[in-house]
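# Structure assessment
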Amino acid sequence: MSRTKMPVVLILCDYYLPGHLAGGTLRALANMAERMGDDFQFMLMTRDHDMGIANHYECVIPGRWQRVGKVLVRYLPKAHLTPVRLASLIRETPHDILYLNSFFSAPFTILPLLLRRLGRIPKRPLVLAPRGEMAPSALALKSPKKKAYLFFGKTLGLWRDALMQASGEHERRHIINRLGRELKVLVAPDIPELPGPVSGLSVRPAKKTDSLSAVFLGRLARNKNLSGALEILSMVEPPCSLDIYGPIVDQGYWQECLSMIKGMPKRHKVNYRGVTPHQEVSATLAAYDVLLLPSWGENFGHAILESLTAACPVVISDQTPWRGLQGAGVGWDLPLADIRQHAKALEEIAAMDQTQHDAYRRRAQAFARKYILAAQTMELSKKLFHQALDLSRRQPAPI
């Protein structure tokens, strides 16, 4: 066990800062470390490159500990991701809690769980965050491999003594339904980033009645459902523009979307704008009338919260934790089974004049700030780690 005053949490994850292409899961870790770094000492091992990029970060020294904000980070080259080398690195890193930021990551979850089961690394308290990977839509991707791992992993008891982190009640149900009620699952939502200085109200161009400026922000992969967004847009009667931001992680799916874009009605304009650096996301979103993100499922939905924070209302699916948006007057969360409802929501925004849209934007920003500044998310994350330590003291490790 660590001799430091603060509990030491060793995080294993595929990607971390200065990367940004992995999206919300990366931001969740960065926010947790920044806002809880005075209560826990965070140490983190990750790849030495960003998602889909072959070259390692120029600003890091692979294989060495470096301070990034309130976190000590060790960026691992591919040669370090072997069973022998990774076991050695984990053993030589004193820690009180092992935190795995995925369920299906081969090097940073499956391998450490096997090493732990075989006694090759210390059996410290284990927190496992599936990050939405237990959702039916996520399990459907690469289904045979996932089913095989779920079977053998359960047989070997790889996660039997883990404390599972769920981002919300919806994910808690997904975890229990797939992994069993005997597991310990605690709801601890992602900790959001504190709001920055961009108001979203002063940078927005004037709203034009009977027109719409929409934005799609997310990884260009099937689960984010850009194709659904394009189908929705094609149903909207007033002229609209849709700007697409995000890394292309599935080339085959992107080609499908390009074909849909070519067949879009002439009254609409669709443009791919590339990847927006994280520090520019808020200002980017603030420049649009609405975020259109009909994803098949979101574990948290950082882009949704960022949009609301930037005073940009949202039209999203009902497969995210963000519900009741219509009642709050900040957006729409609608079923994917009836995409015509999404189109009608866009038409309602298009019909708004400047005064009506400004009212929506002010409510959206106030809604987001209230959520971000609430202390509950911080307290639940602290409870997660303290409970992991408490469970370790009260219960013997499984054989």
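Look above for the structure.
In short, a report on the structure.

The rules behind each value
- Residues numbered from 1 in each chain as written.
- Predicted model: local features only at pLDDT ≥ 70, side-chain atom pairs only at ≥ 80, totals over all residues.
- Heavy atoms only, no water.
- 1 Å grid on protein atoms, 1.4 Å probe; cavity = no way out; pocket = protein on both sides within 12 Å on 5 of 7 lines; lining within 4 Å.
- Points joined across faces, edges and corners; volume = space filled by probe spheres on them.
- Nonpolar A, V, L, I, M, F, W, Y, C, P; charged D, E, K, R; others polar.
- Salt bridge = Lys/Arg side-chain N within 4 Å of Asp/Glu carboxyl O.
- Pairing = 2+ DSSP bridges.
- Helix = DSSP H or I, 4+ residues; strand = E, 2+ residues; numbered from the N terminus.
- Axes fitted to C-alpha atoms, helices over the stretch in contact; angles between N-to-C directions.
- Core = buried A, V, L, I, M, F, W, Y, C linked by side-chain atoms within 4.5 Å.
- Buried < 20%, exposed > 50% of the residue type's maximum accessible area, 1.4 Å probe, protein only.
- Contact = heavy atoms within 4.5 Å.
- Right-handed = clockwise from strand over helix to strand, strands pointing away.
- Expected span 1.5 Å × (residues − 1).
- Phe/Tyr/Trp six-rings, centres within 6.5 Å; stacked < 30°, edge-to-face > 60°.
- Lys NZ or Arg CZ within 6 Å of the ring centre and 35° of its normal.

### Re empty space enclosed by the protein
In total, this model carries two cavities of 30 Å³ or more according to the counting rule given. Size it by volume and the second largest cavity reaches roughly 40 Å³. For the lining of the second largest cavity, the class distribution of residues is four nonpolar, two polar and two charged.

### Notes on the pattern of salt bridges
Think of it this way: side chains of opposite charge can pair up when their charged atoms draw near. For the structure shown, the criterion picks out 15 salt bridges. Three or more residues are tied together by salt bridges with common partners; here these are Asp 39, Glu 379 and Lys 382.

### Remarks on the sheet that holds strand β12 (residues 290–293)
In space, the six strands of this open sheet follow the order β11-β10-β9-β12-β13-β14, with parallel pairing throughout. At either margin of the open sheet sits one strand with a lone partner, and together these are β11 (269–272) and β14 (331–334). Pairs of neighbouring strands in the sheet enclose a mean axial angle of 20 degrees, with direction left out of account. Note: strand β9 (residues 212–217) against strand β10 (residues 240–245), six bridges, orientation parallel.

### What to know about the nonpolar core
Counting 55 residues, the largest nonpolar core has Leu 226, Leu 291 and Val 315 as its most contacted members. Here the element with the most residues in this core is helix α12 (residues 339–350); it accounts for six residues. Excluding its chain neighbours within four sequence positions, the residues that come into contact with Val 315 are Val 290, Leu 291, Leu 292, Leu 293, Pro 294, Trp 332, Leu 334, His 342, Ala 345, Leu 346 and Ile 349. With 37 residues, the next largest nonpolar core counts Leu 76, Ala 87, Phe 103 and Trp 159 among its residues.

### Here we look at the sheet that holds strand β5 (residues 97–100)
Taking strand neighbours across the sheet as the criterion, the eight strands line up as β3-β4-β2-β1-β5-β6-β7-β8 in an open arrangement whose pairing is mixed. Bordering the open sheet on either side are β3 (65–68) and β8 (184–187), each of which pairs with just one other strand. Sheet twist, expressed as the mean angle between neighbouring strand axes with direction ignored, is 25 degrees. In this sheet, strand β7 (residues 163–166) lies alongside strand β6 (residues 126–128) in parallel orientation, the contact comprising two bridges. In the strand pairing of β7, Leu 128 is matched with Met 164. Here helix α3 (residues 106–117) sits on the sheet in contact with β1 (8–12), β2 (41–47), β4 (71–76), β5 and β6, set at roughly 140 degrees to β5. On the sheet, helix α6 (residues 169–179) packs against β7 and β8 and is oriented at approximately 140 degrees with respect to β7.

### Quick look at the pairing of β10
For β10, a buried count of five out of six residues is recorded, marking the element as mostly surrounded by other parts of the structure. Running through helix α7 (residues 226–235), the crossover from β9 to the neighbouring parallel element β10 is right-handed. Where β10 meets β11, four bridges bridge the pair, whose relative direction is parallel. From the neighbouring strand, Leu 242 faces β11, where its bridge partner is Val 270. Considered for its hand, the β-α-β crossover made up of β10, helix α8 (residues 251–262) and β11 is right-handed.

### Examining helix α1 (residues 24–36)
The end-to-end C-alpha separation of α1 is 18 Å, in line with the 18 Å expected for 13 residues at 1.5 Å each. With ten of 13 residues buried, α1 is to be regarded as a mostly interior element. When α1 is considered as a whole, its buried residues turn out to be Leu 26, Arg 27, Ala 28, Leu 29, Ala 30, Asn 31, Met 32, Ala 33, Arg 35 and Met 36.

### Overview of the packing of aromatic side chains
Tallied over the entire structure, the rule returns 17 aromatic pairs. Stacked on the ring of Tyr 360, the Lys or Arg Arg 363 has its end atom at 4.6 Å from the ring centre.

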